[in-house]
Amino acid sequence: MVNGPNLNLLGTREPQVYGHETLSDLNARLDEVATELNVSIEHFQSNHEGAIVDKIQSVMGKASCILINAGAYTHTSVAIRDALLGTAIPFFEIHISNVHAREEFRHHSYLSDKAIGVIVGFGLDGYEFALRKAARLVNK
Ligand code: DQA
């Protein structure tokens, strides 16, 4: 799982938009689900575009699926798009908030047309849903 910029601030960052749970709460919750589903999950968060590109490249041939909330880079980053396409690892795009009900610049994503699925607006539950779908895909 890849979380992009400012998602390390979950819990304190605009709680009316992103809720009160922290990134560690989220990671712990996903670890539990992963154990239940018998899959392994690695958590990565960075505020740096290049570090996210490096991480995606580094799991090539290792990860069966990527769950990504690229944060603001969703709307700007051709480099992250290219890394996902370059590694050819299937991915789910997640957004905690309903980006379509927010500012217009959040309506466009560089990732959506290449994602297996896009989950927006369901808070942290969206990550759990994506993980359950990904596990089904991986275990097929
Ligand atoms: C976000 C939505 C983005 O527009 C924003 O820049 C984020 C979080 C979300 O999860 O709702 O950082 O990806």
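Computed from a predicted structure; not experimentally measured. (Residues numbered from 1 in each chain as written. Predicted model: local features only at pLDDT ≥ 70, side-chain atom pairs only at ≥ 80, totals over all residues.)

Considering the environment of His-75
Argument step 1. By the secondary structure assignment, His-75 is in the loop between strand 3 (66-69) and helix 4 (78-87).
Argument step 2. A tally of 16 C-beta atoms within 10 Å means that His-75 is categorised as partly exposed.
Argument step 3. C-alpha of His-75 to C-alpha of Arg-102: the two residues are 27 residues apart in sequence and 13 Å apart in space. (Helix = DSSP H or I, 4+ residues; strand = E, 2+ residues; numbered from the N terminus. Buried ≥ 20, exposed ≤ 12 C-beta atoms within 10 Å, placed from the backbone.)

Quick notes on the site of the ligand
Argument step 1. Taken together, Asn-6, Asn-69, Gly-71, Ala-72, Thr-74, His-95, Ile-96, Ser-97, Val-99 and Arg-106 make up all the residues around the ligand.
Argument step 2. When grouped by side-chain class, the residues that make up the shell around the ligand number three nonpolar, six polar and one charged. (Near = placed C-beta within 6 Å. Nonpolar A, V, L, I, M, F, W, Y, C, P; charged D, E, K, R; others polar.)

Some points on the UniProt feature "site: Transition state stabilizer" (unreviewed entry) in the chain
Argument step 1. With numbering matched to this structure, UniProt assigns "site: Transition state stabilizer" (unreviewed entry) to Arg-13.
Argument step 2. Structurally, Arg-13 can be placed in the loop between strand 1 (2-3) and helix 1 (15-18).
Argument step 3. Taking the number of C-beta atoms within 10 Å as the measure of exposure, Arg-13 has 14 and is therefore partly exposed. (UniProt positions renumbered as here; feature names shortened; annotations may be inferred.)

Describing the UniProt feature "binding site: substrate" (unreviewed entry) in the chain
Argument step 1. Mapped onto the present numbering, the UniProt feature "binding site: substrate" (unreviewed entry) falls at Asn-69, His-75, Asp-82, Ile-96, Ser-97 and Arg-106. These residues run over 38 residues, and the two farthest C-alpha atoms among them are 24.3 Å apart, placing them at more than one spot.
Argument step 2. Here Asp-82 lies in helix 4.
Argument step 3. A residue is classified by how many C-beta atoms lie within 10 Å of it, and Asp-82, with 13 of them, is partly exposed.
Argument step 4. Checked against the element boundaries, Ser-97 lands in the loop between strand 4 (91-95) and strand 5 (117-120).
Argument step 5. In contact with Ser-97, other than residues within four places in its own chain, are Val-17, Tyr-18, Arg-102 and Gly-121. (Contact = placed C-beta atoms within 7 Å.)

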